[in-house]
Amino acid sequence: MGEEKKPQPVGVWPTVKPFVNGGASGMLATCVIQPIDMIKVRIQLGQGSAGQVTKTMLKEEGVGAFYKGLSAGLLRQATYTTARLGSFKILTNKAIEANDGKPLPLYQKALCGLTAGAIGASVGSPADLALIRMQADATLPAAQRRNYTNAFHALYRIVADEGVLALWKGAGPTVVRAMALNMGMLASYDQSVEFFRDSLGFGEAATVLGASSVSGFFASACSLPFDYVKTQIQKMQPDAEGKYPYTGSLDCTMKTLKSGGPFKFYTGFPVYCVRIAPHVMMTWIFLNQIQKLQKSAGL
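Residues numbered from 1 in each chain as written. Predicted model: local features only at pLDDT ≥ 70, side-chain atom pairs only at ≥ 80, totals over all residues. Heavy atoms only, no water.

Asker: What's the story with the side chain of Asn21 in this structure? I'm lost.
Answerer: Position of Asn21 among the secondary structure elements: in helix H1 (residues 12-44). The class of Asn21 is buried, set by a relative accessible area of 3%. Once you skip the residues sitting within four places of it in the chain, Asn21 turns out to touch Leu287, Ile290, Gln291 and Gln294. (Helix = DSSP H or I, 4+ residues; strand = E, 2+ residues; numbered from the N terminus. Buried < 20%, exposed > 50% of the residue type's maximum accessible area, 1.4 Å probe, protein only. Contact = heavy atoms within 4.5 Å.)

The structure is reproduced here in structure tokens:
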């Protein structure tokens, strides 16, 4: 007779552990990446190149401007990344179990990434809206600025001024963008880990760095067009007659194509890629370190 399978651990901690680890690693990475993310948003809003934006922000707003919206960024990671990385881990574990413990083919990893992205974006959309608005606030005329003091103040004001459903304004493109990003990021990361570790024989550190770089590039390339549309929708203001520049994400897409062509969607790609790749890399590095600490502590 063969050996009996060991019973799977039960209880609350094994269930919530992937979510806690994902959120914590994402929040730590955000603390480092926030200035680059701020520059990326300003570029997308048409304030110039990375060098011009950085120089202008330092001269007119000071160093603190690079960390404006950090509270919203952390809240976003605590919701969005917690949900997406946690659900991706659970989905892939279930799929591997159904596959008799064998590694998943790329298309199954992509499906898990798409699903995890949709779940994470649905949960994290309010914090994402607050983050975009806080980062874009300084670019508006003084009379139109919302002057949110922190993420919770932003959420309170949005609900008070525009209603609860306004928290999910732009949620459609946010979810689609997250699905594209997570398909590129998570599927390519897992596939790259198998390639670097099993085919090339890389060590743990080299595998994490190499796989993170690959997944960062694919996450950027897949998601930037959706990120561009999402940013335009979330930061738009009504004109004097109360009309918004876009009626929705499809209208924004068509008007952007007409005015600037397909490459308009890749405005700020180098900075976006520089922002995404290190965040991906640090998220996985932090996640590995957290898991090691938990293992040594017997958790």
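Asker: It is not clear to me how the confidence of the model for the protein should be interpreted in this structure. Could you clarify?
Answerer: Where the model shows low pLDDT, its predicted coordinates should not be examined in detail. The pLDDT averaged across the protein works out to 83; a share of 96% of its residues lies at or above 70. When pLDDT is averaged over each helix and strand of the protein, the minimum, 84, is found for helix H9 (residues 269-296) and the maximum, 88, for helix H8 (residues 249-260). Predicted confidence for residues 1-7 stays below pLDDT 50, and this span has zero contacts to residues more than four positions away or in other chains. (pLDDT = per-residue confidence, 0-100.)

Asker: What is the right way to look at the domain arrangement of the protein in this model?
Answerer: The extent of an interface is frequently quoted as the accessible surface area lost upon association of the parts. Here the domain parsing of the protein yields domain 1 (31-235 + 247-270) and domain 2 (271-298). For domain 1 versus domain 2, the distance between C-alpha centres works out to 16 Å. Counting residues at the interface gives 31 residues for domain 1 and 17 residues for domain 2. Roughly 2,200 Å² of surface becomes buried between domain 1 and domain 2 when both sides are summed, with 73% attributable to carbon and sulfur atoms. Three residues stand out in domain 1 for area buried against domain 2, namely Ile33, Ile36 and Pro270, and they jointly supply 21% of the buried area on that side. The salt bridge partner of Lys292 is Glu204, with a shortest N-O separation of 3.3 Å. Applying the counting criterion to the domain 1 and domain 2 interface returns six residue pairs in polar contact (both at pLDDT 80 or more). (Domains from an automatic or database assignment. Buried area = accessible area lost by both parts, 1.4 Å probe. Salt bridge = Lys/Arg side-chain N within 4 Å of Asp/Glu carboxyl O. Polar contact = N/O pair within 3.5 Å; in protein donor to acceptor, adjacent residues only side chain to side chain.)

Asker: Whenever I open this one, the UniProt feature "repeat: Solcar" (unreviewed entry) in the protein confuses me. Can you help?
Answerer: Here the UniProt-annotated "repeat: Solcar" (unreviewed entry) positions come out as residues 13-94, 104-195 and 203-293. Annotated as residues 13-94, this span is 83% helix and 0% strand, and its ends, taken at the C-alpha atoms, are 17 Å apart. In residues 203-293, the share of helix is 76% and the share of strand is 0%. The end C-alpha atoms are 19 Å apart. (UniProt positions renumbered as here; feature names shortened; annotations may be inferred.)

Asker: What is the right way to look at the packing of helix H4 (residues 106-136) against helix H6 (residues 171-199) in this model?
Answerer: Between two packed helices, what matters for the description is the angle formed by their axes and the separation of those axes. The N-to-C vectors of H4 and H6 enclose an angle of 140°; their axes lie 6 Å apart at closest approach. Of the possible angle classes, the one that applies to H4 and H6 is oblique. Of the two possible hands of crossing, H4 and H6 adopt the one that is right-handed. Contacts between H4 and H6 pair Leu106, Lys109, Ala110, Gly113, Leu114, Ala116, Gly117, Ala118, Ala121, Ser122, Ser125 and Asp128 from the former with Ala171, Thr174, Val175, Ala178, Met179, Asn182, Met183, Leu186, Ala187, Asp190, Gln191 and Glu194 from the latter. When grouped by side-chain class, the residues that make up the contact of H4 with H6 number 13 nonpolar, seven polar and four charged. (Axes fitted to C-alpha atoms, helices over the stretch in contact; angles between N-to-C directions. Parallel < 35°, antiparallel > 145°, perpendicular 65-115°, else oblique. Left-handed = near helix turned anticlockwise from the far one by under 90°. Nonpolar A, V, L, I, M, F, W, Y, C, P; charged D, E, K, R; others polar.)

Asker: Looking at this model, I keep getting lost on the nonpolar core. Mind explaining?
Answerer: Within soluble globular proteins, side chains that are nonpolar tend to cluster in buried spots. Ranked by internal contacts, the top residues of the largest apolar core, which has 23 residues, are Leu181, Met185, Leu186, Tyr189, Ile276 and Trp284. Looking at this core, the elements that each hand over two or more residues are helix H3 (70-98), H4, H6, helix H7 (204-235) and H9. Counting residues per element, this core draws most heavily on H6, at eight residues. Three or more residues apiece are contributed to this core by two domains, here domain 1 (31-235 + 247-270) and domain 2 (271-298). Tyr189 has contacts with Val208, Ala211, Ser212, Ser215 and Trp284, leaving out every residue within four places of it along the chain. Ranked by size, the runner-up nonpolar core spans 14 residues in total, among them Ala127, Leu131, Ile158 and Ala166. (Core = buried A, V, L, I, M, F, W, Y, C linked by side-chain atoms within 4.5 Å.)

Asker: Would you take a moment to explain H9 for this structure?
Answerer: A turn of α-helix holds 3.6 residues, and therefore any two residues three or four places apart point the same way. Between its first and last C-alpha atoms H9 spans 40 Å; for 28 residues at 1.5 Å apiece the expected length is 40 Å, and the two agree. Phi turns positive one or two residues past the end of H9, at Gly298, with a value near 80°. (Expected span 1.5 Å × (residues − 1).)

Asker: What am I meant to see in the packing of aromatic side chains here?
Answerer: Each aromatic ring pair is described using two quantities: the centre-to-centre distance and the angle formed by the ring planes. Evaluated as defined, the whole model comprises seven aromatic pairs. Centre to centre, the rings of Phe196 and Phe202 are 5.3 Å apart; their planes meet at 10°, and the pair counts as stacked. Of the residues examined, Phe196 reaches a relative accessible area of 13% and is grouped as buried. Look at Tyr266 and Phe269: their rings are 5.9 Å apart centre to centre, the planes differ by 70°, and that puts the pair in the edge-to-face class. The structure contains a cluster of three or more aromatic residues connected by ring pairs, namely Phe217, Phe218, Tyr266 and Phe269. (Phe/Tyr/Trp six-rings, centres within 6.5 Å; stacked < 30°, edge-to-face > 60°.)

Asker: What is the right way to look at empty space enclosed by the protein in this model?
Answerer: Unfilled space is identified by rolling a water-sized probe across the atoms. If you walk through the whole model with that rule in mind, you get four cavities of 30 Å³ or more. Arg76, Gln77, Tyr80, Arg84, Arg177, Leu181, Met185, Arg275, Ile276, His279 and Val280 together form the lining of the largest cavity. Of all elements in the fold, only H3, H6 and H9 reach the threshold of two or more residues within the lining of the largest cavity. When its residues are assigned to classes, the lining of the largest cavity shows five nonpolar, two polar and four charged. Counting only domains with at least three residues in the lining of the largest cavity, you end up with domain 1 (31-235 + 247-270) and domain 2 (271-298). If you add up the space inside the second largest cavity, you get close to 80 Å³. In terms of lining, the second largest cavity is formed by Asp37, Lys40, Arg76, Asp128, Leu131, Ile132, Gln135, Arg177, Asp227, Lys230 and Arg275. Sorting the residues of the lining of the second largest cavity by element identifies H1, H4 and H7 as the ones contributing at least two each. (1 Å grid on protein atoms, 1.4 Å probe; cavity = no way out; pocket = protein on both sides within 12 Å on 5 of 7 lines; lining within 4 Å. Points joined across faces, edges and corners; volume = space filled by probe spheres on them.)

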